[in-house]
Amino acid sequence: MSDNVETAHLSRLVRLRYAMLIGQVLVIASVWLALDVPLPLALMLALILALLIVNVWTQRRLRGGTRVAQWEVAAHILLDIAQLTVLLYLSGGHTNPFIFILLVPLVFAAAMLTVWRTLILAIVALLCYSLLLIDYSPLPMLEQLAWLPPPLLHRTGMWLCFVVSAGMVIFFVVRTRQTLRQMDAELSRARERAMENEHLAEIGAIAAGTAHELGTPLATISMLAQELEGDLQDPELRARLVLLRQQVNRCRHTIDDLSDSIRELRSERGNEVGLNDWLEGLARRWRSVSPDVTLQLNVGRYPEGLTVRYDRAMDHALSTVVANACRASDQVTIIASVETGQLVIEVRDQGPGIPDALVPYLGREPLGGHAGVEGSGLGIYLAMGIVRRLGGSLVFHNREGGGAVACFRLPVERIRREPTEHEYSELEAYPH
């Protein structure tokens, strides 16, 4: 969709103007060739050519992403009224059956512009019509056309004027209604994203407060475990205390990561890291955490040395999905590649898969209220919010041969540093 409503209106007006210019050429050619009516062709074609040049120039500006103000749309409609007025002046004024084509730009103005701008254009159109009632270049008498009487010729012209006007108005109204529906849908999605972001912000505030409160008791537990480890002589109990201290240290490390994430969010950009280094580091971390799980990392094709901004939140989102896969299966595969400017990461497992009843809710809301669900699903819900914040998507589905797949899609330009022109061309060279 266009950047603003006026841009969409002007783009639609440009397309309609092409049809109007073609119609003008056809009508002039028909009157000049079929009816052999002398017309000031040079001046009329110059007016059509001038408006065509303006149309092409405007279209090029719109393709460049230029935002449009409403006064510019009004100026284009005013230009249409002026061009039509001069053409009608040169071809019979109010006696021309196409005189009521002046109403079409007013319909566009009423739908596109504010009330006072529409009233100004309506006054201008009324003045032009009044001028055509008083002064115009008359057409020669057409009584010599024995095969088509002048009254019938006039009625035929009025019928064609109605058909052309009705077609342009219907096209414009239908496309405008589609634009409004699209805007309503985007507004609804924006409201939904705002509600999700507010919910995630609340969860983040609670998480930050909880992490702060857990710091002291975790430090106490770690210290006591270390003291007990030195006092106990039983090797089995000592091994259990070592494991307990390792898990406590892991919790403290996670809390430290949360604090670091908050500091990074306050900065303009995170640390830069190679994409390979990031994924390999994550794989090594989970191999050490889950030694009973065989975790494979398959890296696809992408520019060598591709550097991304290390985002702890994104790292947490991917880690959450990998953790769920490791709990569900002893065989986990991470596949990464770049496809047409998107980083695609798939996490595959060979577990029992996702229950079909939960697939529509996974990542969209916590699953604590659903029967037969282990865990709250809060981690996946937060991961989905993180991915959407980066402009990406996270989709879950079951594999035909068994197991589940979580597919991350992230726009590379949102997660990487500013690339060089060479890297951009290299990235676009890779196939879908």
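Novice: Explain the overall build of the chain here, please?
Specialist: Each helix and strand in the chain was counted, giving twelve helices and seven strands. Here the contacts in the chain between residues at least 6 apart in sequence split such that 72% fall between residues at least 24 apart. Here the chain displays about 24,900 Å² of accessible surface, and carbon together with sulfur accounts for 60% of that area.

Novice: How should the confidence of the model for the chain be read in this particular structure?
Specialist: Where the model shows low pLDDT, its predicted coordinates should not be examined in detail. Looking at the chain as a whole, the pLDDT averages 76, with 75% of positions reaching at least 70. The model gives residues 265-269 a pLDDT under 50, and that stretch makes four contacts with residues more than four places away or in other chains. When the criterion is pLDDT under 50, residues 418-432 qualifies, and its contacts beyond four places in sequence or with other chains add up to 20 contacts.

Novice: Can you help me understand a nonpolar patch on the surface in this one?
Specialist: Where nonpolar side chains cluster on the molecular surface, the patch consists of Leu49, Leu52, Ile53 and Val56 and spans about 330 Å² of accessible area. Looking at where valine 56 falls in the secondary structure, it is placed in helix H2 (residues 41-63).

Novice: Hey, could you run me through the nonpolar core in this one?
Specialist: As a rule of thumb, nonpolar side chains are buried together in soluble globular proteins. Of all hydrophobic cores here, the largest spans 42 residues; its most connected members are Leu318, Val322, Ile345, Val347, Leu394, Phe396 and Phe408. Looking at this core, the elements that each hand over two or more residues are helix H8 (275-289), helix H9 (312-328), strand S4 (331-339), strand S5 (342-349), helix H10 (378-389), strand S6 (393-398) and strand S7 (404-411). Looking at which element gives the most residues to this core, the answer is H9, with nine residues. Beyond its immediate chain neighbours, meaning those up to four positions away, isoleucine 345 contacts Trp278, Leu279, Leu318, Ile334, Ile335, Ala336, Ala406, Cys407 and Phe408. Leu39, Phe98, Val104 and Cys128 belong to the second largest nonpolar core, which has 40 residues in total.

Novice: Please explain the packing of helix H3 (residues 70-89) against helix H4 (residues 103-112) as it appears in this structure.
Specialist: Relative placement of two packed helices is described by the angle separating their axes and the distance separating the axes. Direction vectors running N to C along H3 and H4 enclose 170°, while the axes themselves pass 10 Å from each other. Relative to H4, H3 is oriented roughly antiparallel. Residues Gln70, Val73, Ile77, Ile81 and Leu84 of H3 lie in contact with H4, whose contacting residues are Pro105, Leu106, Phe108, Ala109 and Met112. Split by residue class, the contact of H3 with H4 holds nine nonpolar, one polar and no charged.

Novice: Quick question: what am I supposed to make of the environment of valine 124 here?
Specialist: Along the chain, the position of valine 124 falls in helix H5 (residues 115-134). On the accessibility criterion, valine 124 (25% relative accessible area) is partly exposed. A C-alpha to C-alpha distance of 8.2 Å links valine 124 and leucine 78, two positions 46 residues apart in sequence.

Novice: When you look at the sheet that holds S6 in this model, what are you seeing that I'm missing?
Specialist: Within a sheet, neighbouring strands are paired by backbone hydrogen bonds and run either parallel or antiparallel to one another. Ordered by their spatial adjacency, five strands build an open sheet running S2-S4-S5-S7-S6, and the pairing between neighbours is mixed. Looking at which strands have only one partner, the edges of the open sheet turn out to be strand S2 (294-299) and S6. Each neighbouring strand pair of the sheet contributes to a mean axis angle of 15°, computed without reference to strand direction. Strand direction decides the pairing type here: S6 and S7, joined by six bridges, are antiparallel. Note on S7: the bridge partner recorded for leucine 394 is phenylalanine 408. The strands touched by H8 within the sheet are S2, S4 and S5, with S2 carrying the most contacts at an inclination of about 175°. Most of the contacts of H9 go to S5, to which it runs at about 20°, and overall it touches S2, S4, S5, S6 and S7.

Novice: Looking at this structure, I do not really get the side chain of serine 91. What am I missing?
Specialist: Topologically, serine 91 is positioned in the loop between H3 and H4. Relative accessible area serves as the criterion here: at 8%, serine 91 is assigned to the buried category. Here the side chain of serine 91 touches leucine 87 through a polar contact of 2.7 Å, landing on its backbone oxygen. Other than its neighbours up to four places away in sequence, serine 91 contacts Leu39, Met44, Asn96, Ser137 and Leu139.

Novice: Would you mind going over empty space enclosed by the protein with me for this structure?
Specialist: Applying the stated criterion to the full structure yields two cavities of 30 Å³ or more. Within this model, the largest cavity holds a volume of roughly 80 Å³. Residue lining of the largest cavity: Leu13, Leu16, Arg17, Met20, Asp80, Leu84, Ile101, Val104, Pro105, Phe108 and Met168, and that is the complete set. Mapped onto the lining of the largest cavity, the elements with two or more residues apiece are helix H1 (5-33), H3 and H4. Take the lining of the largest cavity: its biggest share by element is four residues, from H1. Among the residues forming the lining of the largest cavity, the class breakdown is nine nonpolar, no polar and two charged.

Novice: What is the right way to look at the environment of tyrosine 381 in this model?
Specialist: Following the sequence through the fold, tyrosine 381 ends up in helix H10. In this structure tyrosine 381 comes out as buried when scored by relative accessible area, which is 7%. It is 7.3 Å that separates the C-alpha atoms of tyrosine 381 and leucine 362, two residues lying 19 residues apart in sequence.

Novice: Please clarify how the pattern of salt bridges should be interpreted in this entry.
Specialist: Opposite charge on two side chains permits them to pair, given that their charged atoms come into close proximity. Applying the stated criterion to the full structure yields four salt bridges. For the salt bridge of arginine 17 with aspartate 80, the shortest nitrogen-to-oxygen distance reads 2.9 Å. Within this pair, whereas arginine 17 is found in helix H1, its partner aspartate 80 is found in helix H3, the two being separated by 63 residues in sequence. The same class applies to arginine 17 and to aspartate 80, which are both buried.

Conventions adopted
Residues numbered from 1 in each chain as written. Predicted model: local features only at pLDDT ≥ 70, side-chain atom pairs only at ≥ 80, totals over all residues. Heavy atoms only, no water. Helix = DSSP H or I, 4+ residues; strand = E, 2+ residues; numbered from the N terminus. Contact = heavy atoms within 4.5 Å. Areas by Shrake-Rupley, 256 points an atom, 1.4 Å probe, with all protein chains shown as cover. pLDDT = per-residue confidence, 0-100. Patch = residues over 30% accessible without salt bridge, like charges linked within 9 Å, V, L, I, M, F, W, Y side chains within 5 Å. Salt bridge = Lys/Arg side-chain N within 4 Å of Asp/Glu carboxyl O. Core = buried A, V, L, I, M, F, W, Y, C linked by side-chain atoms within 4.5 Å. Buried < 20%, exposed > 50% of the residue type's maximum accessible area, 1.4 Å probe, protein only. Axes fitted to C-alpha atoms, helices over the stretch in contact; angles between N-to-C directions. Parallel < 35°, antiparallel > 145°, perpendicular 65-115°, else oblique. Nonpolar A, V, L, I, M, F, W, Y, C, P; charged D, E, K, R; others polar. Pairing = 2+ DSSP bridges. Polar contact = N/O pair within 3.5 Å; in protein donor to acceptor, adjacent residues only side chain to side chain. 1 Å grid on protein atoms, 1.4 Å probe; cavity = no way out; pocket = protein on both sides within 12 Å on 5 of 7 lines; lining within 4 Å. Points joined across faces, edges and corners; volume = space filled by probe spheres on them.

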